[in-house]
Amino acid sequence: MIIQKEIRLKQKSRGFHLITSEVIAGLPKLPQVGMINIFIQHTSAGLTINENVDPSVRIDFETIFNKLIPENDPDYIHIFEGSDDMPAHIKSALLGVSITIPIKNERLALGTWQGIYLGEFRDNASERRLFCTIYS
Amino acid sequence: MIIQKEIRLKQKSRGFHLITSEVIAGLPKLPQVGMINIFIQHTSAGLTINENVDPSVRIDFETIFNKLIPENDPDYIHIFEGSDDMPAHIKSALLGVSITIPIKNERLALGTWQGIYLGEFRDNASERRLFCTIYS
Amino acid sequence: MIIQKEIRLKQKSRGFHLITSEVIAGLPKLPQVGMINIFIQHTSAGLTINENVDPSVRIDFETIFNKLIPENDPDYIHIFEGSDDMPAHIKSALLGVSITIPIKNERLALGTWQGIYLGEFRDNASERRLFCTIYS
């Protein structure tokens, strides 16, 4: 059985955000056994799974991603949408736009320290849409 | 129901290529509701989803990936297949070899600006095989 | 049909490891046609698919990942779990924690040169858990 559900995330500032609760709140009751795919329908934000307790981890993610893919590199040619735009596309590809998580006992089978991250890479993004597919 | 379909992409030059149309043309009729996994069976190319309009985005992707993972780093020890080979393996791992996309109303449920990218990381690659699995 | 199976990988040293055989040995008989999702329930290790023959490729992966995400960057603020910890989180996000592989004829439909890699990013990690979901 396949259930699809669209979730609109509340608008976020640039940076990495723990969105596990917001995602779960937007989902229907999960099956006993199954999988969920969460797909972000944007090209300048991404999804990943990482440490779910200490906010300093998310701050360091933002710092290091900005060093890895700096703005204002003179070699960029796609520059007309702002200096944050092209780096945002590349960060999105490095992080990925789609995560697949197992479901067990009506819950996401995440590890103890795992949570879902949104990487928001634009300075002034609007709300982001997640397309969720649950199969069981 | 699961349908598997192999697609052979036409040979591409090194760089990032928008392959959405080529992939869709190779697929059977899609279900009303479902998922597709597209898996590239190679270790020096990758798949991702990103901006589907402006070709300058793909050029900047190639520029920045080459800066991120430079050729001829003297610390490489796997060098006998050419200076483009080991960087190609690492770029493939950063981009990923497998993408999962929701299907809705017999279409890929991509965002407005999303398309499928092939990252071709070898200077002289032969054609690439995609193994597609549709489940509904 | 969905089958879930947990695999505990033997403890590994820091670096990239080819784990295809260890994973297959931990799985039940695979279906004729299907998919498998392998999900690592940790935030300082990752999974990917890459070259399955030459061990020098894995050594270069470790070298380049260490250059890409160096330890002891003075800008890190999440430092109390050791200098390898925060880089491990970021490497995990770059590599990814979940891979989806097609199944055909009771085998993983990997390309000729593809194998499953564990990226172990901590200096002294304990054993790692993989949560595998097979659907057919």
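Above this text you will find the structure in question.
Let me begin by describing the structure that accompanies this report. (Residues numbered from 1 in each chain as written. Chains lettered and ligands numbered in written order. Predicted model: local features only at pLDDT ≥ 70, side-chain atom pairs only at ≥ 80, totals over all residues. Heavy atoms only, no water.)

Looking at the interface of chain A and chain C
Here comes step 1: Chain A puts 32 residues into the contact, and the matching count from chain C is 28 residues.
Here comes step 2: Together, D60, I64 and Q114 of chain A form the three largest contributors to the area buried by chain A at its contact with chain C, with a combined 20%.
Here comes step 3: On inspection of chain A and its partner chain C, the count reaches 2 salt bridges.
Here comes step 4: Of the charged contacts, one joins D75 of chain C and K67 of chain A as a salt bridge, the two residues approaching to 2.7 Å between their closest N and O atoms.
Here comes step 5: Here chain A and chain C share 12 residue pairs in polar contact (both at pLDDT 80 or more) between them.
Here comes step 6: Of all the secondary-structure elements, those providing two or more residues to the side of chain A that touches chain C are strand 3 (33–40), strand 4 (45–51), helix 2 (55–68), helix 3 (85–95) and strand 5 (98–104) of chain A.
Here comes step 7: With 10 residues, helix 2 of chain A is the single largest residue contributor to the side of chain A that touches chain C.
Here comes step 8: Per-class residue counts for the side of chain A that touches chain C are 18 nonpolar, 9 polar and 5 charged. (Contact = heavy atoms within 4.5 Å. Buried area = accessible area lost by both parts, 1.4 Å probe. Salt bridge = Lys/Arg side-chain N within 4 Å of Asp/Glu carboxyl O. Polar contact = N/O pair within 3.5 Å; in protein donor to acceptor, adjacent residues only side chain to side chain. Helix = DSSP H or I, 4+ residues; strand = E, 2+ residues; numbered from the N terminus. Nonpolar A, V, L, I, M, F, W, Y, C, P; charged D, E, K, R; others polar.)

A short note on the relation of the copies chain A and chain B
Put simply, the second copy of the chain is the first one after a rotation about an axis and a shift along it.
Here comes step 1: Screw-axis analysis of chain A against chain B gives a translation of 0.0 Å along the axis, an RMSD of 0.0 Å, and a rotation angle of 120°. Look at the turn and shift together and you get a three-fold axis relating the two. Residues of chain A ranked by C-alpha distance from the rotation axis are headed by L94 of chain A, positioned 3.4 Å from it. (Least-squares fit on C-alpha atoms with pLDDT ≥ 70 in both.)

Topic: the packing of aromatic side chains
Here comes step 1: Scanning all chains against the criterion turns up 24 aromatic pairs over all chains.
Here comes step 2: Aromatic side chains F16 of chain C and F61 of chain C sit 5.0 Å apart centroid to centroid with 45° between the ring planes, which places their arrangement in the tilted category. Taken together, the positions of F16 of chain C in strand 2 (residues 15–18) and F61 of chain C in helix 2 (residues 55–68) put the pair 45 residues apart, joining distant regions of the chain. An identical accessibility class is assigned to F16 of chain C and F61 of chain C; each is buried.
Here comes step 3: Pairwise contacts between aromatic rings join F16, F61, F65, Y117 and F121 of chain A into one cluster. (Phe/Tyr/Trp six-rings, centres within 6.5 Å; stacked < 30°, edge-to-face > 60°. Buried < 20%, exposed > 50% of the residue type's maximum accessible area, 1.4 Å probe, protein only.)

Observations concerning helix 2 (residues 55–68) of chain B
Here comes step 1: The end-to-end C-alpha separation of helix 2 of chain B is 20 Å, in line with the 20 Å expected for 14 residues at 1.5 Å each.
Here comes step 2: All buried positions along helix 2 of chain B are accounted for by S56, V57, R58, D60, F61, E62, I64, F65 and L68 of chain B. (Expected span 1.5 Å × (residues − 1).)

Section: empty space enclosed by the protein
Here comes step 1: According to the stated counting rule, one finds 1 cavity of 30 Å³ or more in the structure shown.
Here comes step 2: In terms of lining, the largest cavity is formed by 34 residues, of which the most central are L95 and S98 of chain A, S98 of chain B together with G96 and S98 of chain C.
Here comes step 3: Tallied by class, residues from the lining of the largest cavity come to 20 nonpolar, 14 polar and no charged. (1 Å grid on protein atoms, 1.4 Å probe; cavity = no way out; pocket = protein on both sides within 12 Å on 5 of 7 lines; lining within 4 Å. Points joined across faces, edges and corners; volume = space filled by probe spheres on them.)

Some details on the relation of the copies chain A and chain C
Here comes step 1: Mapping chain A onto chain C is achieved by rotating through 120° and translating by 0.0 Å along the same axis, at an RMSD of 0.0 Å.
Here comes step 2: When the interface residues of chain A are mapped onto chain C, a mere 12% of them are again interface residues, pointing to distinct binding faces.

Quick notes on the side chain of H89 of chain B
Here comes step 1: Positionally, H89 of chain B belongs in helix 3 (residues 85–95).
Here comes step 2: For H89 of chain B, the residues in contact, after removing those within four places along its chain, are T43, S44 and H78 of chain B together with N50, E51, V57 and F61 of chain C.

Observations regarding the interface of chain A and chain B
How big an interface is tends to be stated in terms of accessible area lost as the parts join.
Here comes step 1: Taken together, the contacts link 28 residues of chain A with 32 residues of chain B.
Here comes step 2: Interface of chain A and chain B: buried area, both sides summed, is about 2,500 Å²; carbon and sulfur atoms make up 65% of it.
Here comes step 3: Our count for the contact surface shared by chain A and chain B stands at 2 salt bridges.
Here comes step 4: Between D73 of chain A and K67 of chain B there is a salt bridge, with the nearest N and O atoms lying 2.9 Å from each other.
Here comes step 5: Counting across the interface, chain A meets chain B through 12 residue pairs in polar contact (both at pLDDT 80 or more).
Here comes step 6: The set of elements that each furnish at least two residues to the side of chain A that touches chain B consists of strand 1 (2–9), strand 3, helix 3, strand 5 and strand 8 (128–135) of chain A.

Describing the packing of helix 3 of chain A against helix 2 of chain B
Here comes step 1: Running from amino to carboxyl end, helix 3 of chain A crosses helix 2 of chain B at an angle of 65°, the nearest separation of the two axes being 10 Å. On the basis of their axis angle, the class for helix 3 of chain A and helix 2 of chain B is roughly perpendicular. As helix 3 of chain A runs across helix 2 of chain B, the sense of the crossing is right-handed. On the side of helix 3 of chain A, the interface is formed by M86, H89, I90, A93 and L94 of chain A, while helix 2 of chain B contributes V57, D60, F61, I64, F65 and L68 of chain B.
Here comes step 2: Its residues assigned to classes, the contact of helix 3 of chain A with helix 2 of chain B shows 9 nonpolar, 1 polar and 1 charged. (Axes fitted to C-alpha atoms, helices over the stretch in contact; angles between N-to-C directions. Parallel < 35°, antiparallel > 145°, perpendicular 65-115°, else oblique. Left-handed = near helix turned anticlockwise from the far one by under 90°.)

Digging into the sheet that holds strand 4 (residues 45–51) of chain C
Residues and elements named next belong to chain C.
Here comes step 1: Read from one edge to the other, the open sheet built from 3 strands follows the order 2-7-4, with strand pairing classed as antiparallel. If you trace the sheet from one side to the other, it starts and ends with strand 2 and strand 4, each paired once. Averaged over all neighbouring strand pairs, the angle between strand axes comes to 30°, with direction disregarded.
Here comes step 2: Both strand 2 and strand 7 (residues 114–120) contribute to a ladder of 4 bridges, which runs antiparallel. Within strand 7, the position partnered with G15 by the bridge is E120.
Here comes step 3: Here helix 2 sits on the sheet in contact with strand 2, strand 4 and strand 7, set at roughly 150° to strand 2.
Here comes step 4: Strand contacts of helix 3 (residues 85–95): strand 2, strand 4 and strand 7, with the helix running at about 45° to strand 4, the strand carrying the most contacts. (Pairing = 2+ DSSP bridges.)

Description of the pairing of strand 8 (residues 128–135) of chain C
Residues and elements named next belong to chain C.
Here comes step 1: Along strand 8, 8 of the 8 residues are buried, which leaves the element largely enclosed by surrounding structure.
Here comes step 2: Here strand 8 shows two buried faces, one formed by R128, L130, C132 and I134 and the other by R129, F131, T133 and Y135.
Here comes step 3: When strand 1 (residues 2–9) meets strand 8, the two strands line up antiparallel, connected through 8 bridges. Pairing of K5 across the sheet is with C132, part of strand 8.

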